[in-house]
Amino acid sequence: MFAGIDIGSRSIELVMQQDGKIIDSIRTPTTFSPLEQCQKILRGHAPKMLAATGYGRELVKNLDLPYEVQTITEIKAHAIGAHAFFPEARTVLDIGGQDTKAIALNDKGKVLKFEMNDRCAAGTGKFLEYTATVFQMDVEAFGSYAMEGTNPPVINSMCTVFAETEATSLMAQGVSPSDIALALHQAVVRRTSTMLKRIGLKTPLVFSGGVANNVCIRTLLQQELGDEAPVCIADQPDMCGAFGASLWAEQAYSA
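Thresholds applied
- Residues numbered from 1 in each chain as written.
- Predicted model: local features only at pLDDT ≥ 70, side-chain atom pairs only at ≥ 80, totals over all residues.
- Heavy atoms only, no water.
- Patch = residues over 30% accessible without salt bridge, like charges linked within 9 Å, V, L, I, M, F, W, Y side chains within 5 Å.
- Areas by Shrake-Rupley, 256 points an atom, 1.4 Å probe, with all protein chains shown as cover.
- Salt bridge = Lys/Arg side-chain N within 4 Å of Asp/Glu carboxyl O.
- Buried < 20%, exposed > 50% of the residue type's maximum accessible area, 1.4 Å probe, protein only.
- 1 Å grid on protein atoms, 1.4 Å probe; cavity = no way out; pocket = protein on both sides within 12 Å on 5 of 7 lines; lining within 4 Å.
- Points joined across faces, edges and corners; volume = space filled by probe spheres on them.
- Helix = DSSP H or I, 4+ residues; strand = E, 2+ residues; numbered from the N terminus.
- Nonpolar A, V, L, I, M, F, W, Y, C, P; charged D, E, K, R; others polar.
- Core = buried A, V, L, I, M, F, W, Y, C linked by side-chain atoms within 4.5 Å.
- Contact = heavy atoms within 4.5 Å.
- Polar contact = N/O pair within 3.5 Å; in protein donor to acceptor, adjacent residues only side chain to side chain.
- Pairing = 2+ DSSP bridges.
- Axes fitted to C-alpha atoms, helices over the stretch in contact; angles between N-to-C directions.
- Phe/Tyr/Trp six-rings, centres within 6.5 Å; stacked < 30°, edge-to-face > 60°.

> Would you explain a nonpolar patch on the surface in this entry?
Judged by side-chain polarity, Tyr-130, Val-161 and Phe-162 come together as a nonpolar surface patch covering roughly 290 Å² of accessible area. Note on Phe-162: relative accessible area 54%, which makes it exposed.

Following this line, the structure appears as structure tokens:
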């Protein structure tokens, strides 16, 4: 049994895998005590090796664990995980809580090129979460609500704060709230599409990360690529990084 833990800004995912198959997976909020959350999520598990990824991956080294702990970059972890879920994958789009990653792969699943937005919440899960508060709903319902829009305006700002101001202004002008919600989702897809083009988008594309659960983002991304290039999404897209880390742990242990 090998484990991978993805310590993100919004959530922590743990995957236990054996022979390339996920045996157990757990997700918990990161909160303001990520080390304590790591302790809780790892309790009761005894893998041969644990590989940590995500922005907080170095934290795990502070825990007194009875097994070896290594770290792996987010880019490599998502590449390995996406290739394992979909061996034909040539591009990976990971939209997480506070960053977005676009990764180009070769036919062996190795990273050729990548871009990462980690300095601003624009186009991330945090952007959608923050703008959802304008509509007084949680982010889980926001995507479905946006699908009701039919005539979206153009949201010019991708700054999280300014986008909220723009949305509020549009509401004051009488624009339908569902149209504004759709416009905000379109802004996210426009930004990510630009990143994908810069790395030389090739299909199949694997969409990973928590935002891949958003029905509106999934739909808009598919429309952007066209029906001839289906977007591949795993059953648990937010586990892609942790799964990749667990597979890397097995490779490192056997090396």
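> Can you walk me through the layout of surface pockets in this structure?
A probe matching the size of a water molecule, rolled over the atoms, marks out where space remains unfilled. Roughly 970 Å³ of internal volume is contained in the largest pocket. At the level of secondary structure, the elements contributing two or more residues to the lining of the largest pocket comprise strand S2 (11-18), strand S3 (21-29), helix H2 (74-85), strand S6 (91-95), helix H3 (125-132) and helix H4 (139-146). In the lining of the largest pocket, the residues fall into 10 nonpolar, 17 polar and 14 charged. Size it by volume and the second largest pocket reaches roughly 220 Å³. Along the walls of the second largest pocket sit Lys-76, Ala-79, Ile-80, His-83, Ala-84, Lys-108, Gly-109, Lys-110, Val-111, Leu-247, Trp-248 and Gln-251, which together make up its complete lining. Of all the secondary-structure elements, those providing two or more residues to the lining of the second largest pocket are H2 and helix H8 (240-254). Of all the elements, H2 adds the most residues to the lining of the second largest pocket, at 5 residues. Here the lining of the second largest pocket is built from residues that sort into 6 nonpolar, 3 polar and 3 charged.

> What is the right way to read the nonpolar core from this model?
Side chains that are nonpolar tend, in soluble globular proteins, to be buried together. In terms of nonpolar packing, the biggest core is built from 39 residues, with Leu-184 and Phe-207 touching the most fellow members. When contributions to this core are tallied by element, the ones reaching two or more residues are S6, strand S7 (100-105), H3, H4, helix H5 (160-172), helix H6 (177-198), strand S9 (205-208) and helix H7 (215-225). Broken down by element, the residue count for this core peaks at 10 residues, all from H6. Excluding anything up to four places from it in sequence, Leu-184 contacts Phe-127, Thr-131, Phe-135, Phe-142, Ile-155, Ala-163 and Ala-167. Core analysis: the next-biggest nonpolar cluster, separate from the first, contains 15 residues, Ala-3, Ile-12, Met-16 and Tyr-67 among them.

> Even after reading the chapter, I still don't get the side chain of Thr-124, so can you show me in this structure?
Of note, Thr-124 is situated in the loop between strand S8 (111-117) and H3. With a relative accessible area of 0%, Thr-124 lands in the buried category. A distance of 3.3 Å separates the side chain of Thr-124 from the backbone nitrogen of Lys-126, its partner in a polar contact. If near-sequence neighbours (up to four positions away) are discounted, Thr-124 is found in contact with Ile-95, Gly-96, Gly-97, Gln-98, Asp-99, Thr-100, Asn-117 and Val-211.

> Is there a simple way to think about the sheet that holds strand S1 (residues 2-7) in this case?
Two pairing modes exist for strands in a sheet, parallel and antiparallel, and in both the strands are linked by backbone hydrogen bonds. Taken in spatial order, the 5 strands make up an open sheet running S3-S2-S1-S4-S5, and their pairing is mixed. Across the chains shown, the open sheet's two edge strands, defined by having one partner strand only, are S3 and strand S5 (68-71). The sheet shows a mean angle of 20 degrees between the axes of neighbouring strands, taken without regard to direction. Pairing geometry for S2 and S3, over 8 bridges, is antiparallel. Residue Gln-18 lies in a different strand from S3, and its bridge partner there is Lys-21. In the packing of helix H1 (residues 34-42) onto the sheet, the strands contacted are S1, S2, S3 and strand S4 (49-53), and the crossing angle to S2 comes to about 30 degrees.

> What should I look at first to understand the sheet that holds strand S10 (residues 231-232) in this one?
The strand order S8-S7-S6-S9-S10 describes an open sheet built from 5 strands, whose pairing is mixed. Looking at strand neighbours, the two that pair on one side only are S8 and S10, the edges of this open sheet. In this sheet, S9 lies alongside S6 in parallel orientation, the contact comprising 4 bridges. Note that in S9 the partner of Leu-93 across the bridge is Phe-207.

> Sorry, what's going on with the packing of aromatic side chains here?
By convention here, two paired aromatic rings are described through the distance between centres and the angle between planes. Counted by the stated rule, this structure contains 4 aromatic pairs. Ring centres of Phe-2 and Tyr-253 lie 5.4 Å apart, and the angle between their planes is 65 degrees; this geometry places the pair in the edge-to-face category. You can see Phe-2 sitting in strand S1 and its partner Tyr-253 sitting in helix H8, a full 251 residues away along the chain. Its relative accessible area of 7% is what places Phe-2 among the buried residues. On the basis of relative accessible area, Tyr-253 is assigned to the partly exposed category, the value being 42%.

Read these as spatial facts, not as claims about activity.
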